[in-house]
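For reference, the chains in residue letters:
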Amino acid sequence: MIPLDEQLRIFEERERDAYYAILYIMYTEWPRVVALARERLIAGYCEFGDQMFRWDSETRHRNVLEELADALNYSVSAAPD
């Protein structure tokens with residue numbers, strides 16, 4: 001297991017490259033992102049219904065930020081090419 005201190009060091013070292021990697025994915029794979037979002041909307045319907053359509057703007061914004069933060073962490077964890 002990678003200790004937390006080491007993970008934080010890696011995060012600091014890679015976060016800028018991960019940011020650009022995420023932008024690249026959004027630019028080059030947008031149709032795939034849209035298709036996956038649609039699939040997730042359908043898959044989550046039974047459990048969550050229309051919950052996200054009833055969020056206030058602050059809750060929606062916070063949830064978007066959390067998802068982007070997850071994407072950053074996923075990208076940071078990738079070994080550099």
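Keep in mind the model is a prediction, meaning the values are calculated, not measured.

Reading guide: rules and limits
Residues numbered from 1 in each chain as written. Predicted model: local features only at pLDDT ≥ 70, side-chain atom pairs only at ≥ 80, totals over all residues. Heavy atoms only, no water. Salt bridge = Lys/Arg side-chain N within 4 Å of Asp/Glu carboxyl O. Buried < 20%, exposed > 50% of the residue type's maximum accessible area, 1.4 Å probe, protein only. Helix = DSSP H or I, 4+ residues; strand = E, 2+ residues; numbered from the N terminus. 1 Å grid on protein atoms, 1.4 Å probe; cavity = no way out; pocket = protein on both sides within 12 Å on 5 of 7 lines; lining within 4 Å. Points joined across faces, edges and corners; volume = space filled by probe spheres on them. Nonpolar A, V, L, I, M, F, W, Y, C, P; charged D, E, K, R; others polar. Phe/Tyr/Trp six-rings, centres within 6.5 Å; stacked < 30°, edge-to-face > 60°. Axes fitted to C-alpha atoms, helices over the stretch in contact; angles between N-to-C directions. Parallel < 35°, antiparallel > 145°, perpendicular 65-115°, else oblique. Left-handed = near helix turned anticlockwise from the far one by under 90°. Contact = heavy atoms within 4.5 Å.

Asker: Is there a simple way to think about the pattern of salt bridges in this case?
Answerer: It is possible for side chains bearing opposite charge to pair when their charged atoms get close. For the coordinates displayed, the defined rule picks out five salt bridges. Of the charged contacts, one joins aspartate 50 and arginine 54 as a salt bridge, the two residues approaching to 2.8 Å between their closest N and O atoms. For arginine 54, a relative accessible area of 59% puts it in the exposed group. Here glutamate 66 makes a salt bridge to arginine 62, at a shortest N to O gap of 2.8 Å. Of this pair, glutamate 66 and arginine 62 both sit in helix H3 (residues 57-76), four residues apart, which is roughly one turn of that helix. When its relative accessible area of 35% is taken as the criterion, glutamate 66 is described as partly exposed.

Asker: Looking at this structure, I do not really get the layout of surface pockets. What am I missing?
Answerer: Volume-wise, the largest pocket comes out at about 1,800 Å³. Lining the largest pocket are 43 residues; nearest its centre among them are Val33, Ala37, Arg40, Glu67 and Leu68. Broken down by secondary-structure element, the contributors of at least two residues to the lining of the largest pocket are helix H1 (4-28), helix H2 (30-48) and H3. For the lining of the largest pocket, the element with the highest residue contribution is H2, accounting for 13 residues. Partitioning the lining of the largest pocket into residue classes produces 26 nonpolar, five polar and 12 charged. Roughly 190 Å³ of internal volume is contained in the second largest pocket. If you go around the second largest pocket, the residues you meet are Ile2, Leu4, Gln7, Leu8, Ile10, Phe11, Arg14, Asn73, Val76 and Ser77. Elements supplying a minimum of two residues to the lining of the second largest pocket: H1 and H3.

Asker: Could you clarify how one ought to interpret the packing of aromatic side chains in this entry?
Answerer: Given two aromatic rings, one states the distance between the centres and the angle between the planes to describe the pair. Under the definition given, this model contains one aromatic pair. Residues tyrosine 19 and tyrosine 20 carry aromatic rings whose centres are separated by 5.0 Å and whose planes lie at 70° to one another, so their mutual orientation is edge-to-face. Accessibility expressed as a relative area gives 47% for tyrosine 20, which makes it partly exposed.

Asker: Would you mind showing me how to read the packing of H1 against H3 here?
Answerer: A packed helix pair is summarised by two numbers, namely the angle formed by the two axes and the spacing between the axes. Between H1 and H3, the shortest axis-to-axis distance is 8 Å and the interhelical angle comes to 110°. What the angle tells us is that H1 and H3 run roughly perpendicular. Crossing hand, H1 versus H3: right-handed. Across the interface between the two elements, Ile10, Phe11, Arg14, Glu15, Ala18, Tyr19 and Ile22 from H1 touch Ala71, Leu72, Asn73, Ser75 and Val76 from H3.

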